[in-house]
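So the chains spell out like this:
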Amino acid sequence: MTIQVGQDTARTRREIASGGKTLAYYSIPAAQEAGLGDFSRLPASLKVVLENMLRFEDGGRTVSVDDIKAFAEWATNGGRNPREIAYRPARVLMQDFTGVPAVVDLAAMRDGIVALGGDPKKINPLNPVDLVIDHSVMIDEFGNPRAFRVNVEREYERNIERYTFLKWGQKAFDNFRVVPPGTGICHQVNLEYLAQTVWTDTDQNGVEVAYPDTLVGTDSHTTMINGLAVLGWGVGGIEAEAAMLGQPISMLIPEVVGFELTGEMVEGATATDLVLKVVKMLRDKGVVGKFVEFFGEGLDRLPLADRATIANMAPEYGATCGFFPIDDETLRYLRVTGRSEERIALVEAYAKENGLWRGPDYRPVYTDTLHLDMSEIVPAISGPKRPQDYVPLDRAAEEFLQVVADYRGVDMSLPAKDMAAEGPAGGAPAVIDPRKSQPVKGQDYALRDGSIVIASITSCTNTSNPYVMIGAGLVARKARERGLTRKPWVKTSLAPGSQVVSEYLEAAGLQQDLDALGFNLVGYGCTTCIGNSGPIAPELSEAIAEGELMAVSVLSGNRNFEGRISPDVRANYLASPPLVVAYAIAGDMNVDLTRDPIGHDPEGKPVYLKDIWPSTQEIAELVEKTVTREAFQKKYADVFKGDEKWQSVQTTDSLTYDWPPESTYIRNPPYFQGMSPEPGVISDVEGARILAILGDMVTTDHISPAGSFKPDTPAGKYLLERGVQPRDFNSYGSRRGNHEVMMRGTFANIRIRNEMLTGVEGGFTKGPDGQVVPIFDAAMAWKERGVPLVVIAGEQYGAGSSRDWAAKGTALLGVKAVIAESFERIHRSNLVGMGVIPFEFMNGQNRKSLGLTGDETISIRGLAGDLRPQQTVKGVIGRPDGSTEEFDLRCRIDTEVEIDYVRNGGVLHYVLRGLARAS
Ligand code: SF4
């Protein structure tokens, strides 16, 4: 790869010698010597961005000397200077759910540029792109030695069209690599192999340049890599496509919140417990749109794996990233994971030379600080709905009972522990016990509110952390020694984020203990974490539905929004892998793991969690013995090669994609068809109808679910009409290469609530004739009538994962504007990237204060003409009785370039027109 460095007006380019070589680099101390300001007390995370400015300074076309000076002003201004800058990450990371649509868009752009008379070879990623196929494996089979093989076979059966397409993309596009299925999870592969902490490349003059490794990814948890001092965060697929096509990312110089860690974790607490506490603290603080940087003497005792777990959950605490500066532990991890000694030496030399090293005196200026003494961390879980719903383990059963009471509308006061002893069959219920139970057909047990039907060791958040994985194995070993096993209604699974995990679990002899409790390997991929938990036994599903039970999942994941994990489960708890094993044994959320027996041994003696909980020392010793440099080097030696199945996938060598007309996975999207060479204009919205009125915290999962769907949904009907059987529907996430499915899946989450309807859950609305219909059907009916649409929402609209389909689907349904109280950062930018304009209510007004019912028309005036970023415009409500009411709206097109995007119909149209003109 060649990078195009800037003109370096301030002459900050220097040389660094490392590993017997001399490389160029852009020096922050040199910028200071050149009189651009005092940068010495900037946080390391911000110095990474500053270096980017030095390297790409081009006289102000995109980066100016004033942009560089602004960083010094940030430090003297108490950690604030929200100046807009153009930032260029070194590379892009994708997973297959978001990567397939990105490659579909690239392929469609090749068709588009041909139609505009341009050269298809102009459409290529200009920055390195790695796509890891990890999101598609589903847990069809579990709890037996066949599980892995069967799930992989089903994965290929379901996804062969997508995989064929990706293999074509790998050949057709330059700078694009694919990590095949069954290798690992994107963030863990990035952490263990792809990331280098300091990157090198040749510039346009052929000189090798060293610079901080940085990236954006099409997955929100790209942030995990900040644990390895690599600045990275998730962006929408649309922004990522722009970045890979050479467009800088427009951002404000962020505020940086310093999070000081002191003390040491006590016996029994895990990294997961720590991160759940960090999430809670940072959510309470409010760090949306900010960098968080960890510092303090506690870092000296925090292994990199724990740092990565904390960095992973940045989206859950709302920050752009959670960065850990380079220090001795960074170097140790690079070494143990098999990076070359030459690279490790460069990382150390570069970090020390350019002021990025965290030594004992590291204490930069922060916008604000928080402090946590790690000795206060206690075992905890989070749930039932949000990652920040932190519950200390000793209160989990009691609080769950209240959750059930709220669900059932029961006012009760009996302590949970008195009832927990009754066991899952319910026994004789106490009068005020809010829990219901339901016998399971063909089984000698009943399920009740709180029965755990899914216990999954899943998610790169935790599977990248050998301490919690070994910890889980040891809990399984000790439970097995006491003759315990999982409860028969629990679907257990183990889905590591890389093959290295299996290597060390095998080496420690722990896999067989996990197998004995049903935690057999089900695949190397996201599985339960992304909602691919697969079906539970039909009789369990039936009992849950009949009893309208609050069934529970416990997973070592990072997200637990309603409807994400399984359609059968209402309450989802995040927990460390060892606790997942413990809950599988208990089988019931009503069991207080800190006081009640977790089970009974064959002699009938009670066994408590403390009896089977490993010591910190036991875990550390096994990690030391089994997690080795050799294991990483062996497992990553052929990372791009794949197994026989991958190697036998057949593709063509064509420059443009030959779209198979019968494919229900990959279709040529309509975005660029019939596109004119010149951009259009932004016009007012007149007489739009409301497609949905949504509440607060509507997530991208609500807007564009990733999980499975049923035959009676619009997406299901579309596939049935094309001869696809329900068992082959796969998930929305895996069908993101087909806009027809995705439009039908937009706003189709089974738990979304449209306030236009009462007592209805799921993706429904009123059609033009006033009847209740699926949102897709209503949108198409309005489209036929030529009526534009708007969506109304509450606070934090578009929270959760970065999901470009949440914006693409919205645009394709004919929605011109989304009016919300506030937006999640990435989703706002994705809406703009698709030409849908986001607006915010002003003056404390909202859907409720304006009395919106959904029967009104909405007009938005002041857009036509010379629209400015964040301009205030007029909304006009037309009520059914003929009256009108005006209200103010802030247009959330935030920058000049975003205005250009909207004028062009979206960012990809903007890039495509530019490339067509250039060719
Ligand atoms: S395991 Fe979960 S957090 Fe990690 S990439 Fe997959 S879905 Fe995202």
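Keep in mind the model is a prediction, meaning the values are calculated, not measured.

About the criteria used
- Residues numbered from 1 in each chain as written.
- Predicted model: local features only at pLDDT ≥ 70, side-chain atom pairs only at ≥ 80, totals over all residues.
- Near = placed C-beta within 6 Å.
- Helix = DSSP H or I, 4+ residues; strand = E, 2+ residues; numbered from the N terminus.
- Nonpolar A, V, L, I, M, F, W, Y, C, P; charged D, E, K, R; others polar.
- Domains from an automatic or database assignment.
- Pairing = 2+ DSSP bridges.
- Axes fitted to C-alpha atoms, helices over the stretch in contact; angles between N-to-C directions.
- Contact = placed C-beta atoms within 7 Å.
- Core = buried A, V, L, I, M, F, W, Y, C linked by C-beta atoms within 7 Å.
- Buried ≥ 20, exposed ≤ 12 C-beta atoms within 10 Å, placed from the backbone.
- pLDDT = per-residue confidence, 0-100.
- Parallel < 35°, antiparallel > 145°, perpendicular 65-115°, else oblique.
- Left-handed = near helix turned anticlockwise from the far one by under 90°.
- Arc of directions from axis to C-beta.

## Concerning the site of the ligand
- Around the ligand lies a shell of 14 residues, among which His221, Cys460, Cys526, Cys529 and Ile530 are the nearest.
- Of all the secondary-structure elements, those providing two or more residues to the shell around the ligand are α6 (186-194) and α15 (460-463).
- Its residues assigned to classes, the shell around the ligand comprises six nonpolar, seven polar and one charged.
- When residues of the shell around the ligand are assigned to domains, at least three fall in each of domain 1 (1-378 + 637-659) and domain 2 (390-627).

## Some points on the sheet that holds strand β16 (residues 368-373)
- What the four strands build is an open sheet, ordered β15-β14-β13-β16; its pairing is parallel. One side of each edge strand has no neighbouring strand; the edge strands of this open sheet are β15 (321-323) and β16. Recorded for the sheet is a direction-independent mean angle of 25° between the axes of neighbouring strands.
- Sheet topology places strand β13 (residues 256-262) next to β16; six bridges connect them, and they run parallel. Within β16, the residue paired with Glu260 across the bridge is His371.
- Running over the sheet, helix α8 (residues 271-285) touches β14 (291-295) and β16 and is turned about 150° from β16.

## Considering the nonpolar core
- In terms of nonpolar packing, the biggest core is built from 296 residues, with Val580, Val581, Leu691, Val790 and Val818 touching the most fellow members.
- Here the element with the most residues in this core is helix α4 (residues 96-115); it accounts for 10 residues.
- In this view, Val818 contacts Val790, Val791, Ala793, Tyr797, Thr810, Leu831, Val836 and Pro838; residues no more than four positions away in its chain are not counted.

## A short note on the confidence of the model for the protein
- Model confidence for the protein is summarised by a mean pLDDT of 93, while 98% of its residues fall at 70 or above.
- This stretch, residues 416-426, has a pLDDT under 50; its non-local contacts, to residues over four places away or in other chains, come to 33 contacts.

## What to know about the packing of helix α17 (residues 499-507) against helix α23 (residues 629-636)
- Packing of α17 against α23 leaves a shortest axis separation of 9 Å and a crossing angle of 135°. By the angle between their directions, the pair α17 and α23 is classed as oblique. The way α17 lies across α23 gives a crossing that is right-handed. For the pair α17 and α23, the contacting residues are Gln499, Val500, Glu503 and Tyr504 in the first and Ala631, Phe632 and Lys635 in the second.
- Its residues assigned to classes, the contact of α17 with α23 shows four nonpolar, one polar and two charged.

## Observations concerning the packing of α4 against helix α5 (residues 147-172)
- Where α4 contacts α5, the two axes come as close as 10 Å, and the packing angle between them is 60°. In this view, α4 runs oblique relative to α5, as classed from their interaxial angle. The crossing of α4 and α5 is left-handed. Across the interface between the two elements, Asp96, Val100 and Val103 from α4 touch Arg162, Phe165, Leu166 and Gly169 from α5.
- Taken together, the residues of the contact of α4 with α5 break down into four nonpolar, one polar and two charged.

## Remarks on helix α28 (residues 775-784)
- For α28, the full list of buried residues reads Ile775, Phe776, Ala778, Ala779 and Trp782. One side of α28 carries all its buried residues, which in axial view fall inside an arc of 165°.
- Where α28 is buried, its residues meet β27 (685-693), α26 (714-721), α27 (739-745), β28 (764-766), β29 (772-774) and β30 (789-792).

## As for the environment of His187
- Position of His187 among the secondary structure elements: in helix α6.
- Here His187 is in contact with His221, Thr222, Met224, Ile225, Asn312 and Cys460, once residues within four sequence places are set aside.

## Considering the pairing of strand β3 (residues 21-26)
- For strand β2 (residues 13-18) and β3, the ladder comprises six bridges, and the chain directions are antiparallel. Pairing of Ile16 across the sheet is with Leu23, part of β3.
- What sits between the antiparallel neighbours β2 and β3 is a turn of two residues, in which Gly19 has the positive phi angle 60°.

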